[in-house]
Amino acid sequence: MEPISDKMQVLLRLALCGGGAALLYAGALKLPALEERRPWLEEHRLQVIALGAAALFGLSLLAFPRPEDGKEQEEFGCCCDGYEPVE
């Protein structure tokens, strides 16, 4: 079995964050402390979930950064062949 591509890993992370944000939204509607904000939350449901997903995605990148590829470093190194830094 071949490993999951980089794009698929990002999409999987985004899907998990979206699902987590939807679960957090459903839980937030049941909190008594947010009783007076409930009409606004229900009116702007999609925006609240999208904002929560973006926040969770950012936190997931901080907690579990994406692995660095050696390809990017090789691409930058190939254009400088034959040159030496000046001291």
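For the structure, see preceding data.
Residues numbered from 1 in each chain as written. Predicted model: local features only at pLDDT ≥ 70, side-chain atom pairs only at ≥ 80, totals over all residues. Heavy atoms only, no water.

### Focus on the overall build of the protein chain
Piece 1. When you go through the protein chain residue by residue, the secondary structure sums to four helices and zero strands.
Piece 2. In sequence order, the protein chain lays out its α and β elements as α-α-α-α.
Piece 3. In the protein chain, which comprises 87 residues, the proportion classed as buried is 9%.
Piece 4. Only carbon and sulfur atoms are counted for the fraction: they give 65% of the accessible area of the protein chain, which is about 7,800 Å². (Helix = DSSP H or I, 4+ residues; strand = E, 2+ residues; numbered from the N terminus. Buried < 20%, exposed > 50% of the residue type's maximum accessible area, 1.4 Å probe, protein only. Areas by Shrake-Rupley, 256 points an atom, 1.4 Å probe, with all protein chains shown as cover.)

### A closer look at helix 1 (residues 6-29)
Piece 1. Taking 1.5 Å per residue, 24 residues should reach 34 Å; helix 1 reaches 35 Å between its end C-alpha atoms and fits that length.
Piece 2. Those residues of helix 1 lying buried are Cys 17, Ala 21, Tyr 25 and Leu 29. (Expected span 1.5 Å × (residues − 1).)

### Observations concerning the side chain of Ser 60
Piece 1. Inspection of the secondary structure puts Ser 60 in helix 3 (residues 45-63).
Piece 2. Apart from residues lying up to four places away in sequence, Ser 60 is in contact with Arg 13, Cys 17 and Pro 65. (Contact = heavy atoms within 4.5 Å.)

### A short note on the pattern of salt bridges
Close approach of charged atoms allows side chains of opposite charge to pair.
Piece 1. Here the structure, examined in full by the defined rule, presents two salt bridges.
Piece 2. When the shortest N-O distance is used, the salt bridge between Arg 66 and Asp 6 registers 2.4 Å. Taken together, the positions of Arg 66 in the loop between helix 3 and helix 4 (70-78) and Asp 6 in helix 1 put the pair 60 residues apart, joining distant regions of the chain.
Piece 3. Looking at Arg 66, the relative accessible area reads 41%, which means it is partly exposed.
Piece 4. Note on Asp 6: relative accessible area 36%, which makes it partly exposed. (Salt bridge = Lys/Arg side-chain N within 4 Å of Asp/Glu carboxyl O.)

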